[in-house]
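# Breakdown of the fold
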Amino acid sequence: MNVTTAKPNKVQRRRSGRPTKEQAGRITDHIVDVATRLFSETSFEATSVDLIAVKARISKQTFYSRFDSKEALFAAVIRKRMNDLLLPSPGRADRAAPIEPTLVRIGVELSKRALSPAAVAIDRLITSEAYQFRQLALAYHESAIHARELIAEIFANAMRENQIRSADARFLAQQFLFAVVDGPTRALILRGKTAKLERELCEQVSAAVELFLDGCRPLKSVPARSKPEP
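First things first, this report covers the structure right here in the doc. (Residues numbered from 1 in each chain as written. Predicted model: local features only at pLDDT ≥ 70, side-chain atom pairs only at ≥ 80, totals over all residues. Heavy atoms only, no water.)

Attention now moves to the environment of Ile145. The topology assignment puts Ile145 in helix H9 (residues 144-160). Residue class for Ile145 comes out partly exposed when judged on its relative accessible area of 33%. Measuring from C-alpha to C-alpha, the distance between Ile145 and Gln174 comes to 8.8 Å, with 29 residues separating the pair along the chain. (Helix = DSSP H or I, 4+ residues; strand = E, 2+ residues; numbered from the N terminus. Buried < 20%, exposed > 50% of the residue type's maximum accessible area, 1.4 Å probe, protein only.)

Take a look at the structure:
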């Protein structure tokens, strides 16, 4: 009598092929995040590709399949942080709203972003490495052009609505950023007081916006003084 032996079922092994586009993107983002932390904690020179690979738990082959060099990775780190700090475009409500509350809201938002730990770290990193990456440092600081153009649009609309006097909208936007955002936040960073309470930040920005707009509002007509009789 022939006994038929049942063949064991074959275990289907999952093929380990190339990662999907989504997985590859996550790996690249992970490498950038790890490198950002390492560059910020030490410096560009002190951070090696070997260290990045170890901390990111990847092989050097994986690293070089995504970045040609450590310099290319550093550029990716700066560009990512530049994109993270971009101000969203103002909506229709911002353009039609009174200028003062709109500028206060934008000033608070920009100040909070500038005082965030990630922004402070990347600003210090760019400053320390500017001598070696001049074009990249210039691009980082010129990323403020995006915010300046959005604010200039708000000033231009306020001029059309006769909320402020006619002037160069881009110049006003530049001076607004210096007076309301860049100067105060830079002073806080230098004093190590980046963890400012939101209420205090709002009060500071509101006072600065009010002072700034006082110099931009239409001049009130002053009646001519009558000459005293001789």
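Let's shift gears to the nonpolar core. General note: in soluble globular proteins, nonpolar side chains tend to be found buried as a group. Within the largest apolar cluster, 27 residues are counted, with the highest numbers of intra-cluster contacts made by Leu103, Ile151, Phe155, Ile164 and Phe176. Counting only elements with at least two residues in this core, the list comes to helix H6 (99-114), H9, helix H10 (169-190) and helix H11 (198-214). Those residues in contact with Ile164, other than ones at most four positions away along the chain, are Ile99, Phe155, Ala158, Met159, Leu172, Leu213, Cys216, Arg217 and Pro218. (Core = buried A, V, L, I, M, F, W, Y, C linked by side-chain atoms within 4.5 Å. Contact = heavy atoms within 4.5 Å.)

Attention now goes to the environment of Arg186. One can find Arg186 in helix H10. In this structure the C-alpha to C-alpha distance between Arg186 and Val120, which are 66 residues apart in sequence, comes to 9.6 Å.

Next up on the list: unusual backbone geometry. Not every positive phi belongs to a glycine, and Arg57 is a case in point at roughly 60 degrees. Turning to its location among the elements, Arg57 is positioned in the loop between helix H2 (49-56) and helix H3 (60-64). For Arg57, a relative accessible area of 79% corresponds to the exposed category. The phi torsion at Asn162 lies on the positive side, around 60 degrees, for a residue other than glycine. Topologically, Asn162 is positioned in the loop between H9 and H10. Exposure remark for Asn162: the relative accessible area of 56% places this residue in the exposed category.

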